[in-house]
Amino acid sequence: PRANEGQTTGARSRQRRDVGAGCAKVRRRLRQGEIGPPKSRAGRRDVPIPSALADDLALARTTALHPDDGDFIFATASGKPLGEDNAHHRAMVPAAKAAGVPWARFHDLRRVTISRWIQGGLSPEIVQSLAGHDDAAFTLQVYAKVRGGEMPAGDALGLAPLDARDLGRDGP
């Protein structure tokens, strides 16, 4: 289920107000069992989330073993965040099997999501901000890959006439 996406964020219950508002506030990262700040200043960000995911996370909060503010939504019986291996075996392996794919990692979810944002036409600057990157060029270099069959036909590349707004000004 979509709620499993929260496992990669180390989401805590006090974030439920933000989640309920359709926004995940990224202020920490969980890596190899250690909680710390994001890798860069750009990593501190607010990420809009779909209302269905917000609803799933709110439901997960109500059924969590440790429901107090400051507790992790997805935690071990002792209240610690799920380790990467634990989360992988409890969530990703069954999900991959159900989807009929041989394997999947949590980072694959990030890679697919960012790639879809780019393919969907979000500006590189917005995708950079959502991904927590310092540089849009880096985001595009890593995530904007052309796969076989994706190259458009020549006619699809035709441009509409330019407007003064395209040049960054309102007129002459």
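Chemist: I tried to follow the overall build of the protein on my own but got confused; where do I start?
Modeler: Each helix and strand in the protein was counted, giving six helices and four strands. Sequence-ordered secondary structure for the protein, helices as α and strands as β, is α-β-β-β-β-α-α-α-α-α. A buried classification covers 30% of the 172 residues belonging to the protein. The long-range share in the protein, meaning contacts at least 24 apart out of those at least 6 apart in sequence, stands at 46%. Working note: accessible area of the protein is about 11,800 Å², and carbon and sulfur atoms make up 54% of it.

Chemist: Please clarify how the pattern of salt bridges should be interpreted in this entry.
Modeler: Close approach of charged atoms allows side chains of opposite charge to pair. Here the structure, examined in full by the defined rule, presents three salt bridges. One network of salt bridges, in which partners are shared, links Lys 25, Arg 27 and Asp 46.

Chemist: Whenever I open this one, helix H5 (residues 124–131) confuses me. Can you help?
Modeler: For an α-helix the count is 3.6 residues per turn, leaving residues at separations of three or four pointing the same way. Within H5, burial applies to Val 127, Gln 128, Leu 130 and Ala 131. Down the axis of H5, the buried side of the element spans an arc of 165 degrees, and every buried residue falls inside it. Turning to H5, the residues buried within the fold contact strand S4 (45–48), helix H4 (106–119) and helix H6 (136–143). Residue Gly 132 follows H5 closely and has a positive phi angle near 80 degrees.

Definitions and limits used
- Residues numbered from 1 in each chain as written.
- Predicted model: local features only at pLDDT ≥ 70, side-chain atom pairs only at ≥ 80, totals over all residues.
- Heavy atoms only, no water.
- Helix = DSSP H or I, 4+ residues; strand = E, 2+ residues; numbered from the N terminus.
- Buried < 20%, exposed > 50% of the residue type's maximum accessible area, 1.4 Å probe, protein only.
- Contact = heavy atoms within 4.5 Å.
- Areas by Shrake-Rupley, 256 points an atom, 1.4 Å probe, with all protein chains shown as cover.
- Salt bridge = Lys/Arg side-chain N within 4 Å of Asp/Glu carboxyl O.
- Arc of directions from axis to C-beta.

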